Amino acid sequence: NTTGALQSQLRVTSTFLVEDAQKAKVTTKATVHDLAVESMTGDSAVVLVVAESDTTNPDKSKRPPAFWRLSVDLKRDDGQLKMAKVDFVQ
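An account of the accompanying structure is given in this report. Please read these numbers as outputs of a predicted model, since none were measured by experiment. (Residues numbered from 1 in each chain as written. Predicted model: local features only at pLDDT ≥ 70, side-chain atom pairs only at ≥ 80, totals over all residues. Heavy atoms only, no water.)

## Examining the pattern of salt bridges
Phase 1 of the analysis: This model, assessed by the stated rule, comprises three salt bridges.
Phase 2 of the analysis: Notably, a salt bridge pairs Lys 82 with Asp 77, separated by 3.6 Å at the nearest N-O pair.
Phase 3 of the analysis: Overall, Asp 77 belongs to the partly exposed group, its relative accessible area being 26%. (Salt bridge = Lys/Arg side-chain N within 4 Å of Asp/Glu carboxyl O. Buried < 20%, exposed > 50% of the residue type's maximum accessible area, 1.4 Å probe, protein only.)

If you want it as structure tokens, here you go:
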């Protein structure tokens, strides 16, 4: 559920992303721990997200968890809020 430049970027890169994920043969579970609405209008919002990803290698060994802080821009597209931009926050 993306729109705008993010949708265009994913259309161009999705085939490569899928191929790389299939070759890596890892599984990743993402968990959202917290979120906050930074700003909001009737047709858009900026949401701050704290998430964790747990990855398991093909040999079933686990990688250390990775924590992510993201800023997600949402825009209304055809009546539905969709991701328009994702930035990693330091």
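## Looking at the sheet that holds strand 3 (residues 66–77)
Strand pairing in a sheet takes place through backbone hydrogen bonds and is either antiparallel or parallel in direction.
Phase 1 of the analysis: Taken in spatial order, the four strands make up an open sheet running 1-2-3-4, and their pairing is antiparallel. On the outer flanks of this sheet lie strand 1 (27–40) and strand 4 (80–88), each paired with one strand and no other. Taken over all neighbouring pairs, the strand axes of this sheet differ in orientation by 30 degrees on average, direction set aside.
Phase 2 of the analysis: Two strands pair when backbone bridges link them, and strand 2 (residues 44–56) and strand 3 are joined in this way by 10 bridges, in the antiparallel orientation. For Ser 44, the partnering residue across the bridge sits in strand 3 and is Lys 75. (Pairing = 2+ DSSP bridges. Helix = DSSP H or I, 4+ residues; strand = E, 2+ residues; numbered from the N terminus. Axes fitted to C-alpha atoms, helices over the stretch in contact; angles between N-to-C directions.)

## Some details on helix 1 (residues 4–24)
Phase 1 of the analysis: For helix 1, with 21 residues, the first-to-last C-alpha span of 29 Å sits near the 30 Å given by 1.5 Å per residue.
Phase 2 of the analysis: At Thr 13, helix 1 shows its largest bend, some 55 degrees.
Phase 3 of the analysis: After helix 1 finishes, the residue Lys 25 shows a positive phi value of roughly 55 degrees. (Expected span 1.5 Å × (residues − 1). Bend = angle between axes of the 7 residues up to and from the residue.)

## Observations regarding the side chain of Asp 73
Phase 1 of the analysis: Locating Asp 73 in the fold gives a position in strand 3.
Phase 2 of the analysis: For Asp 73, which is buried and forms no salt bridge, the nearest opposite charge comes from Lys 85, at a distance of 5.0 Å.
Phase 3 of the analysis: Non-local contacts of Asp 73, meaning those with residues more than four positions away in its chain, are made with Ala 45, Val 46, Lys 82, Met 83, Ala 84 and Lys 85. (Lys, Arg positive; Asp, Glu negative; His and termini not counted. Contact = heavy atoms within 4.5 Å.)

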